[in-house]
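Inside the fold
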Amino acid sequence: MDLILWRHAEADDTSPDITRALTANGKKQAAAMGEWLRQHMPPDTRIIVSPATRTQQTALALGMDFTTVDALAPGAAPHDVLHAAGWPKAQGAVLVVGHQPSLGMAAALAMSGKIQYWCVKKGNIWWLSNRQRAHEDQTILRAVISPDHL
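Bear in mind the structure is a predicted one, so any value in this text is a computation, not a measurement.

**Re the sheet that holds strand β3 (residues 67–68)**
As summarised here, the arrangement of the six strands in space is β3-β2-β4-β1-β5-β6, forming an open sheet in which the pairing is mixed. One side of each edge strand has no neighbouring strand; the edge strands of this open sheet are β3 and β6 (136–145).

**Observations concerning the environment of H99**
Relative to the helices and strands, H99 is located in the loop between β4 (93–98) and α4 (102–112). Assessed through its relative accessible area of 3%, H99 is described here as buried. Here the alpha-carbon distance between H99 and A76, two residues 23 residues apart in the chain, equals 8.2 Å. Here H99 is in contact with H8, S50, A52, R54, T55, L72, A73 and P74, once residues within four sequence places are set aside. Separated by 2.7 Å, the side chains of H99 and S50 make a polar contact.

**Some details on the pairing of strand β2 (residues 46–49)**
In this sheet, β4 lies alongside β2 in parallel orientation, the contact comprising four bridges. The residue bridging V49 from the neighbouring strand is V97, located in β4. Sheet analysis places β2 next to β3, joined by two bridges and oriented parallel. Note on β3: the bridge partner recorded for I48 is T67. Once the chain exits β2 it traverses helix α2 (residues 53–60) before rejoining the sheet at β3, and the crossover so formed is right-handed.

**Details of unusual backbone geometry**
The step from S15 to P16 runs through a cis peptide bond, and the omega angle for that step is 5 degrees. For the bond running from W87 to P88, omega is 5 degrees, close enough to zero to count as cis. One non-glycine residue, A134, adopts positive backbone phi at about 50 degrees. Counting through the fold element by element, A134 comes out in the loop between β5 (125–133) and β6. In this structure, H135 is a non-glycine residue whose phi angle is positive, near 60 degrees. Structurally, H135 is set in the loop between β5 and β6.

**Overview of the packing of aromatic side chains**
Overall, the coordinates contain two aromatic pairs when judged by the stated rule. With centroids separated by 6.2 Å and ring planes inclined at 90 degrees, the aromatic side chains of W36 and W127 adopt a geometry described as edge-to-face. Taken together, the residues W36 in helix α1 (residues 24–40) and W127 in strand β5 connect sequence positions 91 residues apart. Classification of W36 as buried rests on a relative accessible area of 17%. Its relative accessible area of 5% is what places W127 among the buried residues.

**Notes on the environment of R7**
If you trace the backbone, R7 turns up in strand β1 (residues 2–7). Judged by relative accessible area, R7 falls into the buried class, the value being 13%. With sequence-adjacent residues up to four places away left out, R7 is seen in contact with G98, Q100, L103, V120, K121, K122, G123 and N124. Here the side chain of R7 touches V120 through a polar contact of 2.9 Å, landing on its backbone oxygen.

Rules behind the numbers
Residues numbered from 1 in each chain as written. Predicted model: local features only at pLDDT ≥ 70, side-chain atom pairs only at ≥ 80, totals over all residues. Heavy atoms only, no water. Pairing = 2+ DSSP bridges. Helix = DSSP H or I, 4+ residues; strand = E, 2+ residues; numbered from the N terminus. Buried < 20%, exposed > 50% of the residue type's maximum accessible area, 1.4 Å probe, protein only. Contact = heavy atoms within 4.5 Å. Polar contact = N/O pair within 3.5 Å; in protein donor to acceptor, adjacent residues only side chain to side chain. Right-handed = clockwise from strand over helix to strand, strands pointing away. Phe/Tyr/Trp six-rings, centres within 6.5 Å; stacked < 30°, edge-to-face > 60°.

The structure is reproduced here in structure tokens:
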């Protein structure tokens, strides 16, 4: 399985939190990362997105169909993020568009088996893979990419 964690791009600092929209810079970040993802992620990737405005806008930059999952809303527990994605047993690839600290904690849990506060910067993706070798589950960090470097 491939798990791609995409933190929403830069958003306005307004309230209520759920309706915060992307800034002009955030729209550029989302467009750059969306273009890169369209070129690199498997064509059958399942895309799941938090209901927050900023994640919806980030996902729209892909120009692909996605499913809104309430369990990915701001404050989601890392176990809920991984469960929504089907990690580590789902087939194929899943792209999760969500929030910090949920995504960082989900990455830490997937990589180390422990919940830790790892930082996923705004607009960045973390791409993890799971495989079995010699009857052992292995998690591989395939990529960490910032839209500022694309």
